[in-house]
Amino acid sequence: MTARMGAGPLRRLVVLRHAKSAWPEGVADHRRPLAPRGHRDAPVAGRMLAENDCLPDLALCSTAVRARETWELAAAQWGTPPPVRHEPRLYAADVSELLAVVHEVPAAVRTLLLVGHNPGLEELVLELAGDGLDDALDEVRAKFPTSAIAVLAWHGTSWQALAPGTALLTGVMVARGKKR
C-alpha cells in the first residue's frame, strides 16, 4: 500500500513518545514521573523538533505525569510554545482512540503534535503510514523507544480525512541527551 497524497494542504502529524520514566514504588502508573534520563532526553526532543522544522500549531498531550513533563521540557526549548490540550483519552489509548482524538482537531491546524505512550503511538504510526522515506518504516517496526519522534505527512482538507495508509512517514528520530 502506498500513501495517497490527495487534495488539500500539506498536514503533518508529529508523534512523540514520552521520555524515559521512573518506576517509583507505590506510585500509580498514571503518576509516574520522568527518570533522570527522561529529564535529559525531553529537552533534546524539543530541540530536534525545532531544528527539523516540526514545531506544531497545536499539541495534544496525555494527562500522565511523564507525558506532561516531556511536553513541558520539550516546549521550553521553543521561543513561543503552541497551545497545548492535555487530553485524558491519550493515556493508554489504542489506534482507534488516538485517531478519534486526531479527527477532532480543527482544520486550521497544519502541524499537530501528539505526546503519549506505546504501544498505541507506534501502532498509530504504522497504521497511518502507507509508505515511508528511506528505512523509516523499518525503524518504527524494529523499535519506537522512549523519546522517539515520528513525522507523518499527508494532504487533506481536514483532520477527519486522515485514515490508515494515507500518510507518508517522512522521518524518525530518537532524542538522547548526554549524561553530565
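Here is a short report on the structure shown in this document. (Residues numbered from 1 in each chain as written. Predicted model: local features only at pLDDT ≥ 70, side-chain atom pairs only at ≥ 80, totals over all residues. Heavy atoms only, no water.)

## Section: the overall build of the protein chain
Part 1: Along the protein chain, the regular secondary structure elements total 5 helices and 7 strands.
Part 2: Along the protein chain, from the amino end to the carboxyl end, the secondary structure elements read β-α-β-α-β-α-β-α-β-α-β-β.
Part 3: Taken over the C-alpha atoms alone, the protein chain extends approximately 50 × 35 × 30 Å along its principal axes.
Part 4: Across the 180 residues in the protein chain, those meeting the buried criterion constitute 52%.
Part 5: Taking contacts inside the protein chain between residues at least 6 apart in sequence as the whole, the part at least 24 apart equals 78%.
Part 6: Summing over all exposed atoms, the protein chain offers an accessible surface of approximately 8,300 Å²; the carbon and sulfur share of this is 53%.
Part 7: Positive and negative side-chain charges in the protein chain, numbering 21 and 20 respectively, have mean positions lying 6 Å apart. (Helix = DSSP H or I, 4+ residues; strand = E, 2+ residues; numbered from the N terminus. Buried < 20%, exposed > 50% of the residue type's maximum accessible area, 1.4 Å probe, protein only. Contact = heavy atoms within 4.5 Å. Areas by Shrake-Rupley, 256 points an atom, 1.4 Å probe, with all protein chains shown as cover. Lys, Arg positive; Asp, Glu negative; His and termini not counted. Charge placed at Lys NZ, Arg CZ, Asp CG, Glu CD.)

## Concerning the pattern of salt bridges
Part 1: The final tally for this structure, using the stated rule, is 8 salt bridges.
Part 2: Among the salt bridges present, the one from R32 reaches D29, with a minimum N-O distance of 3.0 Å.
Part 3: A relative accessible area of 5% places R32 in the buried class.
Part 4: As a salt-bridge pair, E104 and R89 come within 2.7 Å of each other at their nearest N and O atoms. Placement of the pair is E104 in the loop between α3 (95-103) and β4 (111-116) and R89 in the loop between β3 (84-87) and α3, with a sequence separation of 15 residues.
Part 5: Overall, the relative accessible area of 37% leaves R89 in the partly exposed class. (Salt bridge = Lys/Arg side-chain N within 4 Å of Asp/Glu carboxyl O.)

## Notes on the nonpolar core
Part 1: One finds L13, L112, W159, L162 and L169 to be the most contacted residues of the largest nonpolar core, which totals 33 residues.
Part 2: By residue number, the principal contributor to this core is α3, which donates 5 residues.
Part 3: Those residues in contact with L13, other than ones at most four positions away along the chain, are L112, L114, L124, L128, A150, V151, L152, W159 and L162.
Part 4: Counting residues in hydrophobic clusters, the runner-up holds 19 residues, among them A45, C54, A59 and L113. (Core = buried A, V, L, I, M, F, W, Y, C linked by side-chain atoms within 4.5 Å.)

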